[in-house]
Number of protein chains: 2
Amino acid sequence: MPRFTHPRLEDVPLDLALHALADPNRLAMVARLAATERLSCAHAAPCESIPKSTLSNHLKLLRAAGLIETTQAGREMINTLRRAEFDQRFPGLLDAVLANRPA
Amino acid sequence: MPRFTHPRLEDVPLDLALHALADPNRLAMVARLAATERLSCAHAAPCESIPKSTLSNHLKLLRAAGLIETTQAGREMINTLRRAEFDQRFPGLLDAVLANRPA
DNA sequence: GATAATAGTTCAATAATCCCGAACTATTAA
DNA sequence: TTAATAGTTCGGGATTATTGAACTATTATC
């Protein structure tokens, strides 16, 4: 099973971070993680209708953007927001984005 | 000659705004406009090497995102940042993005 | 005025990305 | 062992991005 590689935040360019956030589904997942701390991939999904492979791809993108960390726990993958690190790298950015997210 | 249509900011979804900003060239243009107030398309370009058609397309995207307004002045198109409107629609967002932009 | 130059748009074709079903892997449950 | 679960990876079709070439409108020059 894959052991994921997580980038150092200093290696994440702003563009990549913005791109990761510039999608309703991904942003919804980030918002959930911001509120919930730990979520399996399936539980992080914004809705049931989104296919597994698409979801997996979204989470991969969020990982590459330094937004989430994924660790294996049994047969689940547990995702957490790398909030402190992300906030240190891009001060105020995630707050501003989340604050402007539609309800 | 085209008379551009500019969206009402309330009709601009967050995703579109973030997507518009999630590109180094477009973000550089926004930063220039934030500093310079009025720029023709060519002068808004972040570098010489970027082709005209690409530049035109970038500016179209920025318009669609409610970030810039383009008006014709002679044979130039003058672009200005719709900062007040954008800030009202997405409070703190543009500030946060610009503040985190690489130098 | 005609001609050329300028500033940018639009079009069309190629390149790069995204999405998602199908097949696969690893772990737990029966 | 067999089945179920949780997710990844792969491949191809659909979408989007990039850019050269042709075009349009405006100003400058002769």
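See the structure above.
Predicted, not measured: the structure shown is a model, and the values here were computed from it.

Draft legend 1. Expanded view of helix α2 (residues 24–36) of chain A. Residues and elements named next belong to chain A. Between the first and last C-alpha of α2 there are 18 Å, a value that for 13 residues agrees with the 18 Å anticipated at 1.5 Å per step. What α2 keeps buried is the set Arg26, Leu27, Ala28, Met29, Val30, Ala31 and Leu33. If you check the start of α2, you find a side-chain oxygen 2.9 Å away from the backbone N of asparagine 25, and it comes from aspartate 23. Phi for glutamate 37, located one or two positions after α2, is positive at around 75 degrees.

Draft legend 2. Fine view of the relation of the copies chain B and chain A. Mapping chain B onto chain A is achieved by rotating through 180 degrees and translating by 0.1 Å along the same axis, at an RMSD of 0.0 Å. Here the symmetry operator amounts to a two-fold rotation axis. Residue by residue, 100% of the interface of chain B is reproduced at the interface of chain A, so both copies engage with the same surface.

Draft legend 3. Here's a closer look at the sheet that holds strand β2 (residues 68–73) of chain A. Residue and element names in this part refer to chain A. In space, the three strands of this open sheet follow the order β1-β3-β2, with antiparallel pairing throughout. Both outer strands of the open sheet, β1 (39–40) and β2, are each paired with one neighbouring strand and no more. As judged from the two bridges shared by β1 and strand β3 (residues 76–81), these two strands associate in the antiparallel manner. Note on β3: the bridge partner recorded for serine 40 is isoleucine 78. Strand contacts of α2: β1, β2 and β3, with the helix running at about 85 degrees to β3, the strand carrying the most contacts.

Criteria and thresholds
Residues numbered from 1 in each chain as written. Chains lettered and ligands numbered in written order. Predicted model: local features only at pLDDT ≥ 70, side-chain atom pairs only at ≥ 80, totals over all residues. Heavy atoms only, no water. Helix = DSSP H or I, 4+ residues; strand = E, 2+ residues; numbered from the N terminus. Expected span 1.5 Å × (residues − 1). Buried < 20%, exposed > 50% of the residue type's maximum accessible area, 1.4 Å probe, protein only. Polar contact = N/O pair within 3.5 Å; in protein donor to acceptor, adjacent residues only side chain to side chain. Least-squares fit on C-alpha atoms with pLDDT ≥ 70 in both. Contact = heavy atoms within 4.5 Å. Pairing = 2+ DSSP bridges. Axes fitted to C-alpha atoms, helices over the stretch in contact; angles between N-to-C directions.

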